[in-house]
Amino acid sequence: MEGMKDSRRRIMLKHGEFNPILLRLALKEDASELNLYQTGYTDGKVIGFHPEFINSLNKDQLDTFQMHECFHVAFLHIFSQRTKWMREEDMMLFFEAEDHVVNNILVEAGFQAIPNWICDDKYAGWALESVFEDLKKSGKTAQRTIDYHLQPIDENTLTGEEKAELQKVQKEWQKALS
């Protein structure tokens, strides 16, 4: 946890423009089986991370990891309903496309690559939908992303209180990012 807190301080000092996003995301050590890849994730409220994964990264890679999760929030990937009706294979390609977009931006901003991350410089500057279409046309199987991408929430399965909470979080992020 200390490494993640130190990372947060470094990012806040070097890249203050991201503070409004970073400071809204609590840090959560999560070694549970819900953290399926045993790496990390965000749900728009927390940056969840597995301690073994975090301990395997150097300080610059920790910064990259936190910014990677912040960008998923900044681009509202976590609230996207686009994947809800996709076949599993297409959904995994879409998640891969999200990572190509996010990671190319991080590279351009000078962040250090994380081992085994998805970042083809071919996609630098491409829109998410274009990357996704290109990946589909390639016929390749989706690569595993370094972080676990949460499935889109089916609002029809939520209670009234859960739905209100989800809408509140979505509105807060839309307002914060506008």
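Quick note: structure is the one above.
Positions within a chain are numbered from 1, following the residues in the order the chain's sequence is written. With pLDDT at 70 or above as the cut-off, local features in this predicted model cover only qualifying residues; side-chain atom pairs require 80 or more to be listed or tallied, and sums for whole chains, interfaces and linings still use all residues. Hydrogens and waters are ignored; side-chain quantities use all the structure's heavy atoms.

**A closer look at the overall build of the protein chain**
Here a strand is any run of E in DSSP of at least two residues, a helix any run of H or I of at least four, and the numbering for each starts at the N terminus. When you go through the protein chain residue by residue, the secondary structure sums to seven helices and three strands. Ordering the α and β elements of the protein chain from the N terminus gives α-α-β-β-β-α-α-α-α-α. Here, two residues are considered to be in contact whenever any of their heavy atoms come within 4.5 Å of each other. For the protein chain, the proportion of contacts with a sequence separation of at least 24, taken over those separated by at least 6, is 65%. Of the roughly 9600 Å² of accessible surface on the protein chain, a fraction of 51% belongs to carbon and sulfur atoms. Using a 1.4 Å probe, accessible areas were evaluated by the Shrake-Rupley method; residue-level cover was limited to the displayed protein chains.

**Details of the pattern of salt bridges**
The salt bridge definition used is simple: a Lys or Arg side-chain nitrogen within 4 Å of an Asp or Glu carboxyl oxygen. Tallied over the entire structure, the rule returns five salt bridges. A salt bridge links D6 to R9, with the shortest nitrogen-to-oxygen separation between them at 2.4 Å. Remark: R9 and D6 occur in helix α1 (residues 2-14); sequence separation between them is three residues, near one turn of the helix. For D6, a relative accessible area of 34% puts it in the partly exposed group. You can call R9 partly exposed: its relative accessible area is 45%. Residue K136 pairs with D90 through a salt bridge whose shortest N-O separation is 3.9 Å. Of this pair, K136 sits in helix α6 (residues 128-138) while D90 sits in helix α5 (residues 88-108), and the two are 46 residues apart along the sequence. Accessible area is worked out with a 1.4 Å probe on protein chains only. A residue is then buried under 20% of its type maximum, exposed over 50%, and partly exposed in between. For K136, a relative accessible area of 36% puts it in the partly exposed group.

**Looking at the packing of α1 against helix α4 (residues 59-74)**
The contact between α1 and α4 brings their axes to 9 Å, and the two run at 75°. When the interaxial angle is binned, α1 and α4 end up roughly perpendicular. Of α4, the residues touching α1 (which contributes G3, M4, S7, R8, R10, I11 and K14) are K59, L62, D63, F65, Q66 and M67. Residues that form the contact of α1 with α4 fall into these classes: five nonpolar, three polar and five charged. Every axis in this analysis is a line fitted to C-alpha atoms, fitted for helices over the stretch in contact. Angles between the N-to-C directions lie between 0 and 180 degrees. Orientation is classified from the angle alone, with under 35 degrees giving roughly parallel, over 145 giving roughly antiparallel, 65 to 115 giving roughly perpendicular, and any other angle giving oblique. Nonpolar residues are Ala, Val, Leu, Ile, Met, Phe, Trp, Tyr, Cys and Pro. Charged residues are Asp, Glu, Lys and Arg, and all others, Gly as well, are polar.

**Some words on the pairing of strand β3 (residues 46-49)**
Remark: a regular strand shows side chains that alternate across the two faces of the sheet. Residues V46 and G48 point to one face of β3 and I47 and F49 to the other, with burial holding for every one of them. Paired strands, as defined in this entry, are two strands with at least two bridges between them according to DSSP. Across four bridges, strand β1 (residues 26-29) lies against β3 in parallel orientation. Each residue of the ladder has a partner; that of K28, found in β3, is G48. Pairing geometry for strand β2 (residues 40-42) and β3, over three bridges, is antiparallel. Its bridge partner lying in β3, G40 is registered against F49. In textbook terms, the turn of a hairpin is the stretch between consecutive antiparallel strands, and for β2 and β3 this stretch comprises three residues, one of which, G44, has a positive phi near 90°.

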